[in-house]
Structures are given as C-alpha cells and as structure tokens.
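Structure at a glance
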Amino acid sequence: MRNYFLLTLLATSSFILIGKGAANEGTAKRMNVVFILADDLGWSDTELYGKTRLYNTPNILRLANLGCTFNRAYSNSPLCSPTRASFLTGQTPARHGSTQPRHHTANVILKAELAKRAKPSEKALPVVSATRLDTNLPTIGKVMRQAGYATGHFGKWHLGAEPYSPLEHGFDVDIPHHTGPGPGRTYVAPWSLKHIKENYPGEHIEDRMSEEAIKWMNEVSEGDKPFFMNYWMFSVHGPWNAKESLIEKYKEKIDTNSEQRSATYAAMVHSLDDAVGALLDGIERNGIADNTVIIFSSDNGGNIHTKLPEGGGILVTSNTPLRGGKASMREGGVRVPTIVVWPGLTTPGSRSDEIIQTSDFYTTILKGQGIALQGNHPVDGIDIRPALKGQNLDRDGIFTYFPCIVPVPEWLPPSMSVHSGNYKMVRVFHGGENGQHDYKLYDLSKDISESNNLAAKMPERLERLDRMIENYLKETGAVIPMPNPNFDPKQFDPAAIGVRPRGKN
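One structure accompanies this document, and this report is about it.

On to the sheet that holds strand 13 (residues 350-357). Here we have 8 strands laid out as an open sheet, ordered 7-6-8-1-9-12-2-13, and mixed in their pairing. Strands with a single pairing partner mark the edges of an open sheet, and in this sheet they are strand 7 (173-175) and strand 13. Taking each pair of neighbouring strands and ignoring which way they run, the sheet shows an average axis angle of 15 degrees. By the bridge criterion, 7 bridges tie strand 1 (residues 32-38) to strand 9 (residues 292-298) in an arrangement that is parallel. Following the sheet pairing, Leu37 is matched in strand 9 by Ser297. Helix 2 (residues 58-66) rests against strand 2 (68-74), strand 9 and strand 12 (338-341) of the sheet, and its axis sits at about 50 degrees to strand 12.

A separate point is the side chain of Asp466. Position of Asp466 among the secondary structure elements: in helix 12 (residues 459-476). Engagement of the side chain of Asp466 in a polar contact is seen with the side chain of Tyr439, the distance being 2.7 Å. For Asp466, the contacting residues outside a window of four places in its chain are Met425, Arg427 and Tyr439.

So, on to the pairing of strand 13. Along strand 13, 6 of the 8 residues are buried, which leaves the element largely enclosed by surrounding structure. Strand direction decides the pairing type here: strand 2 and strand 13, joined by 6 bridges, are parallel. The partner of Cys68 across the bridge, within strand 13, is Ser350.

Across all of its chains, the model carries 13 aromatic pairs by this definition. Taking the centre distance of 6.5 Å and the plane angle of 75 degrees together, the rings of Trp157 and Phe171 count as edge-to-face. You can see Trp157 sitting in the loop between strand 6 (150-155) and strand 7 and its partner Phe171 sitting in the loop between strand 6 and strand 7, a full 14 residues away along the chain. Between Trp216 and Phe227 the ring centres are 5.8 Å apart and the planes differ by 80 degrees, which places this aromatic pair in the edge-to-face class. Here Trp216, found in helix 6 (residues 205-221), pairs with Phe227, found in strand 8 (residues 227-232); they are 11 residues apart in sequence, far enough to count as distant. Here the two residues Trp216 and Phe227 agree in accessibility, since each one is buried. In this structure, Lys123 is placed above the aromatic ring of Phe492, and the distance from its NZ or CZ to the ring centre is 4.5 Å. The ring of Trp43 has Arg335 lying over it, and the distance from NZ or CZ to the ring centre is 5.4 Å.

Turning our eyes to something else, we now look at the pairing of strand 2. For a regular strand, side chains alternate in direction, first toward one face of the sheet and then toward the other. Within strand 2, 7 of the 7 residues are buried, which leaves the element mostly enclosed by the surrounding structure. Note that strand 2 and strand 12 share 3 bridges and pair antiparallel. Bridged to Phe70 within strand 12 is Thr338.

Once that is clear, we can look at the packing of helix 2 against helix 8 (residues 263-285). Contact geometry for helix 2 and helix 8: axes closest at 7 Å, N-to-C directions at 45 degrees. Looking at the two axes, helix 2 sits oblique to helix 8. Contacts between helix 2 and helix 8 involve Pro58, Asn59, Ile60, Arg62, Leu63 and Leu66 from the first element and Leu272, Asp273, Asp274, Val276, Gly277, Leu280, Asp281 and Glu284 from the second. For the contact of helix 2 with helix 8, a count of residues per class yields 7 nonpolar, 2 polar and 5 charged.

Turning our attention to the sheet that holds strand 15 (residues 415-420). The antiparallel open sheet is built from 4 strands, whose spatial order is 14-15-16-17. Unpaired on one side and paired on the other, strand 14 (398-402) and strand 17 (438-443) mark the two borders of the sheet. Taken pair by pair, the neighbouring strands of this sheet meet at an average axis angle of 15 degrees, ignoring direction. Pairing of strand 16 (residues 423-428) with strand 17, which is carried by 6 bridges, proceeds in the antiparallel orientation. Residue pairing in the sheet places Val426 in a bridge with Lys440 of strand 17.

Let's shift gears to unusual backbone geometry. In terms of backbone geometry, most residues other than glycine have negative phi values and most peptide bonds are trans. Here Glu162 and Pro163 are connected by a cis peptide whose omega angle stands at 10 degrees. You can see Pro163 is positioned in the loop between strand 6 and strand 7. In this chain, Ile175 is followed by Pro176 through a cis amide linkage whose omega measures 15 degrees. Looking at the element boundaries, Pro176 is found in the loop between strand 7 and helix 6. The backbone phi angle of His158 is positive, close to 60 degrees, even though this residue is not glycine. Tracing the backbone shows His158 in the loop between strand 6 and strand 7. Phi is positive for Glu450, which is not a glycine, with a value near 55 degrees.

Tallied over the entire structure, the rule returns 25 salt bridges. Between Glu475 and Arg95 there is a salt bridge, and its shortest N-O distance comes to 2.8 Å. Of this pair, Glu475 sits in helix 12 while Arg95 sits in helix 4 (residues 93-96), and the two are 380 residues apart along the sequence. Linked through salt bridges whose partners overlap, the residues forming this network are Asp39, Arg84, Lys156 and Asp299.

What follows deals with the nonpolar core. Grouped together as the largest cluster of nonpolar side chains are 59 residues, with contacts concentrated most on Phe227, Met229, Leu272 and Phe296. When residues in this core are grouped by element, the largest group, 12 residues, is from helix 8. Each residue touching Leu272, except ones within four places of it in the same chain, is listed here: Ala38, Leu41, Ile60, Met233, Ser235, Val236 and Phe296. Cys68, Phe87, Leu137 and Trp232 belong to the second largest nonpolar core, which has 37 residues in total.

About the cut-offs
- Residues numbered from 1 in each chain as written.
- Predicted model: local features only at pLDDT ≥ 70, side-chain atom pairs only at ≥ 80, totals over all residues.
- Heavy atoms only, no water.
- Pairing = 2+ DSSP bridges.
- Helix = DSSP H or I, 4+ residues; strand = E, 2+ residues; numbered from the N terminus.
- Axes fitted to C-alpha atoms, helices over the stretch in contact; angles between N-to-C directions.
- Contact = heavy atoms within 4.5 Å.
- Polar contact = N/O pair within 3.5 Å; in protein donor to acceptor, adjacent residues only side chain to side chain.
- Buried < 20%, exposed > 50% of the residue type's maximum accessible area, 1.4 Å probe, protein only.
- Phe/Tyr/Trp six-rings, centres within 6.5 Å; stacked < 30°, edge-to-face > 60°.
- Lys NZ or Arg CZ within 6 Å of the ring centre and 35° of its normal.
- Parallel < 35°, antiparallel > 145°, perpendicular 65-115°, else oblique.
- Nonpolar A, V, L, I, M, F, W, Y, C, P; charged D, E, K, R; others polar.
- Salt bridge = Lys/Arg side-chain N within 4 Å of Asp/Glu carboxyl O.
- Core = buried A, V, L, I, M, F, W, Y, C linked by side-chain atoms within 4.5 Å.

Following this line, the structure appears as structure tokens:
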C-alpha cells in the first residue's frame, strides 16, 4: 500500500514536458518549499490579527515570528477548489474555469461555460464551473519536478480523481489519495477514507498527515534534490468533530457573549495549529530551516453558515469585523490569514499591508527558485518578493471572479470584484435595472466591515475600477454571466439577496 502512494511517476509519452519553462533563471539558490493551505480557516480564526479570544494558535504565531504576516492577503475565490486551482496554475478562476467546488462530481467538464437557464427570480445566467483541473496545464507540481525537485502532496485535493489527481499534476507522492471535499465522516479514527487506515484508535487525520509529510521530508532530505511539499490540510472544513479532550478543554473557555463560541471548532483549530507546529519541528530537526521557504494560507474565509448542535445551535465561527464568510464575495469570504517565511528575504516578525492573492505564490515560488515561467501559459500571479522585503508591489489591483450563486449569509448574485489601493468595488452582473450591472464600492481603510456603499458618491472612481474589470474580462476571455432571458420581475425579491434561505443548515 505504501509503495503505491510513494509512486514516482516516470516520464511517458503523455507527460507534458516543460522545456524552456523549467530553465534556470540566473543563479538563484534552490530552496525547499513547503506550502501549507488550511481549509475554511477565516481571517479572524487565528491569533495573528487580534480578533479572537477563544482560539489558541501558538504555532501559527511561532511561524509569524519567523517571517512576514500579510494583513491584506486574499484567496482567489470564496470557495475552495477555485483557489486551489489558482495556486497550482498561477491563474485566477476567470482563466482556469474552476469557479465552484464540483470536482468530486461524476460529470467531467474541463472548461467553464454559461448556464443554459436560471430561475425566473434571478436576473443573470450564472457560469457552470469546470469540474476537473486540466492536466494540460503546467501546474506548479509539474514545473518544480521538471526542474529537479522531489514533489509531495499531502491532505485534501478536491480537483478531480484519477486521471486528474495529484499524481497526474506533477506530484511523486499523494497521501491519502482522497479527492472528496472533506476528510470523510470524521477527523478522529476510525476514518472512512479508502486508501489510508489509522495507526491507532482515535488518531486524528491532521496528526497523521503531518506525520506522513515529515516522514517523506526526512527521506527526500537525505538525497541531493530540493523538495516541494504541498500540505493541504483537511482542517477546518466539516465534518464538525475533534479530539474529545480538546473539546472539553475549550468548553471551559467559552464566552457566551462572543460570536466565536464553539468548543468543537476551537478544538479543530487547535489540531490544525498542532500540525503546523509538527512541520516546523520536523524542519528544524532536519537542519534545513535556513534553506526552506514556508508559506501558510487558507483557501477561503471562515464558515458562518453552518449551525452546530452545541449551545442550542450556534454558527461554526465568526469573521467579525469582516462581513460575510465562505461562499460570499464580502471580505469575510476572501480575506485570509497568510504568512511567508523566506530565509534571506523576510524579516522575522514583520508585517505587510500589500495586497496579495493566492495565485501570486505560483509566480513567486518559481521565480524565487530561478525557474522560468512557461511562455505560452499566461499567469495572473505576480512575484511578491519585494513585499517580503518590506517594499511596495507594482500592481493596479487584484480580481476575484465568482460568477455563480451560493445562498449563504451575505451572498451576492454572480459577481466580480477588484481590490485597488484602499478600495474594493464589486460588480453584480446585470443586477441593476433594465439589465444593467449593480455596483458596491467600499473604502476598506475606513470601512473594513463594508457597511457604507460609496458607489453613488464616487462615480469617477467607480468608472475607473469597472473599466479595470472590463479590461480584465476581455484579456482573460472569461465566460461572462448574461441577462436571464426568463427573468420575471414579479418573482424577484431584492430583500432575499444576502439572506440564507430558511431550512438551510
């Protein structure tokens, strides 16, 4: 079984050679790279930003003390699979076409397409997501391996089962070779995962994943290759369970007046943090800390739409002071905790207010290791190494493309946003009168909670930002939501926008 998962894929006629794209740019020192991606961990779910009194994350703080914490880091989507595809490709969902996490479904779609119909109550036709990550794309796993790196993927994937698994996207190792949206029925063994069994009763999946990742790191560190580790945590996505001892510990710390008051979720965050600490310990034991880049981020904002049975039915977490959460285009859905440790570049304990996005890590990692980008593969991510050194980034803005409908609290109809400077503008496709777009504009430096829509007061800024969105849509060739030909004004209820339908857990 273990040999199966430690399979090293040999080059075959179907493998896409990177060619000149893997050539060394200059004499940059090849470093190991560890990319840790949490699942559904919100901006307010760690101690990084001083927004929680319940969750304990000492190892995330330990990581922050080693590198640079970003105050304005964004996922490429308010949902998981699109952000994951963006890291692997360096592209936003507008280019790669994954707009929703449908990658565990049976229907194989490689390119986004316009929906053929919508409800009469909806003004726009949404976009149907790709359901697999196309193996023709030069994913970072392929590029790194072609450049001589050992590559390993651990944890969640959710971009397609074989022939679209990590093993087909450039990774030598894929543990636990699971392609679903979560870790199965439970985090605590006995698990329902097909390809991995617990080592002991009550084993936590995150403890096991960090153990497997460290074991692989120890093995490859003995060779002459640098390594690239993709550790995509299952935590803190549902199902909602954790170690009983930790749940009992956090029950004693609950403040019933706080919006964050789930002992179960606090215990889940604790195990996530323990796994980060285990990886840091493993890197230090190997004596490779000075030659290892560590990036920590989350795929989207915290879940504020699921109710848990404890406390008479409380929400999983709160992203306060941010508005909204997972699956929402509000800040709570896309602003995420992010740390970069890059020996020789980052100052320990530093912070940056520069705007970055998950897709930037593709470009930054490759260029930082002297690996050229493939010329025929357009990327949206930029090299953020100047920000790692405390400098400003040369960028006009970042784009978030979410042309679908997911009825969670603070949901919006098919939308796209641009963050530029202190401002965030959201275009709701055809959400206005007579098929026109609707707009929301916020000055996040004064209004982080997005409570004051400035769209009517700042028409010139709105026009400039909307022009940026229009130009970007044309450049990427994105599938654009269109007016719904079956729209019935009598069935449209503007008060329902942003409100979760009754009966939804």
